[in-house]
Amino acid sequence: MKRYEFVRETTGHPMTDPTTLLPAGLRDVLPPEADHEARVLSQVMSCLSANGFERVNPPLIEFEDSLLAGTGADMGPKTFRLMDPASQRMMGVRADMTPQIARIAATRLRRSPRPLRICYTGLVLRVKGSELRPERQFSQIGAELIGNSSCRADAEIILLAAQCLRAAGIEKFSIDLNLPTLAAAVCEDLDLGSETLRDLRAAIDRKDAASVAELGGQPGQILGAMLLAAGSQARARESLAKLNLPPRAAALRNHLHDVVDLVVTADPDLPLTIDPVENRGFEYQTGVSFTIFAVGARGALGRGGQYRIGGAADEPATGFTLYMDSTMHAVPMLIEVRRIFVPFGTNRAVLTRLQSEGWTTIVGLETVDDPNAEAVRLGCGHVLLDNTVAPVPGKVAG
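J.: Explanation requested: the domain arrangement of the protein chain in the structure shown.
T.: Domain boundaries in the protein chain define domain 1 (33–330) and domain 2 (339–391). Inter-centroid distance (C-alpha atoms) of domain 1 to domain 2 is 49 Å.

J.: How do you make sense of the sheet that holds strand S4 (residues 90–93) when you look at a structure like this?
T.: In a beta sheet, neighbouring strands are held together by backbone hydrogen bonds and run either parallel or antiparallel to one another. Strands sit in the order S2-S4-S3 across an open sheet of 3 strands; the sheet is antiparallel. The sheet is open, and its two edges are formed by strand S2 (61–63) and strand S3 (80–83), each paired on a single side. Each strand axis lies, on average, 35° off the axis of its neighbour in the sheet, ignoring direction. Sheet topology places S2 next to S4; 3 bridges connect them, and they run antiparallel. Looking at S4, one finds that Glu62 is bridged to Gly92.

J.: How should the nonpolar core be read in this particular structure?
T.: Most often, soluble globular proteins keep nonpolar side chains buried together rather than apart. In this structure, Leu48, Ile175, Met226 and Phe320 are the most contacted members of the largest nonpolar core, which totals 68 residues. Top element by residues in this core is helix H4 (residues 151–167). It accounts for 10 residues. In this structure Met226 touches Leu182, Ala183, Val186, Leu240, Leu243, Leu245, Pro276 and Val277, once residues within four positions along its chain are discounted. Met97, Leu116, Ile118 and Ile309 belong to the second-largest nonpolar core, a separate cluster that totals 17 residues.

J.: Would you mind showing me how to read the pairing of S4 here?
T.: Pairing of S3 with S4 involves 4 bridges; the strand directions are antiparallel. Each bridged residue has a counterpart across the sheet, and for Phe80 the counterpart in S4 is Val93. Adjacent in sequence and paired antiparallel, S3 and S4 are bridged by 6 residues, among which Gln88 carries a positive phi angle near 65°.

J.: Hey, could you run me through the environment of Ser211 in this one?
T.: Examined against the element boundaries, Ser211 turns out to sit in helix H7 (residues 209–214). Leaving out residues up to four positions away in the same chain, Ser211 has contacts with Ala203 and Arg206.

J.: Which parts of the structure should I look at to understand the side chain of Asp84?
T.: Within the fold, Asp84 resides in the loop between S3 and S4. This buried residue, Asp84, is left without a salt bridge; Arg89 holds the nearest opposite charge, at 7.1 Å. Side chain to side chain, Asp84 and Ser87 meet in a polar contact 2.7 Å long. If we skip the residues at most four places from it in the chain, Asp84 touches Phe63, Arg89 and Met91.

J.: Can you walk me through helix H9 (residues 233–241) in this structure?
T.: Turn by turn, an α-helix covers 3.6 residues, leaving residues three or four places apart pointing in a common direction. Listed as buried for H9 are Gln233, Ala236, Arg237 and Leu240. One side of H9 holds all its buried residues, which, seen down the axis, span an arc of 100°.

J.: Whenever I open this one, the sheet that holds strand S11 (residues 302–308) confuses me. Can you help?
T.: In space, the 9 strands of this open sheet follow the order S1-S5-S6-S12-S11-S10-S7-S9-S8, with mixed pairing throughout. The sheet is open, and its two edges are formed by strand S1 (54–55) and strand S8 (231–232), each paired on a single side. Across 2 bridges, S1 lies against strand S5 (residues 116–125) in parallel orientation. Bridged to Glu54 within S5 is Ile118. Contacting S1, S5, strand S6 (137–146) and strand S12 (316–323), helix H1 (residues 33–50) crosses the sheet at an angle of about 5° to S6. Set on the sheet, helix H10 (residues 247–266) makes contact with strand S7 (173–178), strand S9 (272–275), strand S10 (285–294) and S11; between it and S9 the angle comes to about 170°.

J.: So what exactly am I meant to see when it comes to the packing of aromatic side chains here?
T.: To describe a pair of aromatic rings, one takes the distance between the centres and the angle between the planes. Under the definition given, this model contains 1 aromatic pair. Relative to Tyr323, the ring of Phe138 lies with its centre 6.0 Å away and its plane at 85°, an arrangement referred to as edge-to-face. With Phe138 in strand S6 and Tyr323 in strand S12, this residue pair connects regions lying 185 residues apart in the sequence. For the pair Phe138 and Tyr323, one class covers both residues: buried. For Arg89, the ring lying beneath its charged end belongs to Phe63, and the centroid distance is 3.8 Å. Its guanidinium or amino end placed over the ring of Trp359, Arg338 lies 4.0 Å from that ring's centre, counting from NZ or CZ.

J.: How should I be thinking about unusual backbone geometry in this particular structure?
T.: It is generally the case that most residues other than glycine have a negative phi and that most peptide bonds are trans. A cis geometry characterises the amide bond from Pro31 onward to Pro32, with omega recorded as 0°. Among the secondary structure elements, Pro32 is positioned in the segment before H1. In the segment running from Arg114 into Pro115, the intervening peptide bond is cis, with an omega of 0°. Here Pro115 shows up in the loop between helix H3 (98–106) and S5. Here Gln88, not a glycine, exhibits a phi torsion of approximately 65°, which is positive. Of note, Gln88 is situated in the loop between S3 and S4. For Asn387, which is not a glycine, the phi torsion comes out positive at approximately 65°. In this fold, Asn387 is placed in the loop between strand S15 (382–385) and strand S16 (388–391). For Asn387, a relative accessible area of 52% puts it in the exposed group.

J.: Where do I start with the packing of H4 against H10 in this structure?
T.: Geometry of a packed helix pair, given as the angle between the helix axes and the separation of the axes. Contact geometry for H4 and H10: axes closest at 9 Å, N-to-C directions at 45°. What the angle tells us is that H4 and H10 run oblique. The handedness of the crossing between H4 and H10 comes out as right-handed. In contact with Cys151, Arg152, Asp154, Ala155, Ile158 and Leu159 of H4, H10 contributes His255, Asp258, Val259, Leu262, Val263 and Ala266. Considering only residue class, the contact of H4 with H10 consists of 8 nonpolar, 1 polar and 3 charged.

Conventions used here
- Residues numbered from 1 in each chain as written.
- Predicted model: local features only at pLDDT ≥ 70, side-chain atom pairs only at ≥ 80, totals over all residues.
- Heavy atoms only, no water.
- Domains from an automatic or database assignment.
- Pairing = 2+ DSSP bridges.
- Helix = DSSP H or I, 4+ residues; strand = E, 2+ residues; numbered from the N terminus.
- Axes fitted to C-alpha atoms, helices over the stretch in contact; angles between N-to-C directions.
- Core = buried A, V, L, I, M, F, W, Y, C linked by side-chain atoms within 4.5 Å.
- Buried < 20%, exposed > 50% of the residue type's maximum accessible area, 1.4 Å probe, protein only.
- Contact = heavy atoms within 4.5 Å.
- Lys, Arg positive; Asp, Glu negative; His and termini not counted.
- Salt bridge = Lys/Arg side-chain N within 4 Å of Asp/Glu carboxyl O.
- Polar contact = N/O pair within 3.5 Å; in protein donor to acceptor, adjacent residues only side chain to side chain.
- Arc of directions from axis to C-beta.
- Phe/Tyr/Trp six-rings, centres within 6.5 Å; stacked < 30°, edge-to-face > 60°.
- Lys NZ or Arg CZ within 6 Å of the ring centre and 35° of its normal.
- Parallel < 35°, antiparallel > 145°, perpendicular 65-115°, else oblique.
- Left-handed = near helix turned anticlockwise from the far one by under 90°.
- Nonpolar A, V, L, I, M, F, W, Y, C, P; charged D, E, K, R; others polar.

Laid out in structure tokens, this is it:
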């Protein structure tokens, strides 16, 4: 049943009231979408809590020095800055929550037992959106496992991300595993010149196999084969296993294979692909990383992977973040709640009983001549008449 009539947002029209305009990339989240998002956030946070991840809630704004330190350095171009009138120091509005979690782990929780399992959710704000993600403000939700760099830690985070997606009601998704440091490890071990290395890195980012092959010799052969290895986890692992990689690159590949073994054993139906040379968006990752995609969602639902939190502790960590602006496109809208119009003067004990039975009660604030008509006006599919629940005549129950 349609309950709301929304006024379409317009921007830039000379006749539009300027007090109603919002900046590009920002929007009001209205019912029922806001309720839907809140339910999904609650389901995912409950899933994280059930797996032993404890919630932290960092501030929206921090001093620039701490917000953009360590893993937060790459967020500099995306961060809104402002002057703190109290301290006269520059502050930043967080553009990503992961650097804040790294700071908390390295400072406030530095004496807590490891591995440390932390989860979080909150709004982030960015200077500008992207073509796939035009929103500049959106909710993030995620988890970090800090103090362990083993394949078991990586597998736990990947499996947890999948469990959270299913808890949110998403079934058709895939996880693309990456090794963003693998190509660099191959290049470094083969001692390429800086100019060749730069051109090679650019060609790999473009997935330009022809340009990679033009390098010739061992580097071109290895990196070209790595580009062609992308695909299902079984096919990619088979292709990567055949490569005679330098020692550091071989260790990264073997770690990836061990992680996949653990994940496939625990969740055989989880769709996994591998792109061993993907690097974009993984600037601070140091090991196995991943991107989550789903049917019906634009761009990535989230990202995760191994990194180091930096600072004096310089600990290994792995985690993932879901972007709710994209995730909500893949989450089926929940069934409409059961709304019932309760006439003015109804005993509150009756309200309590109805709510305990799963009804959303809409209470009249004055006596009306036609309760059925008032129920329709307020978007209710049922009405309480003489303390009896009755469907509104001619309307779909809701």
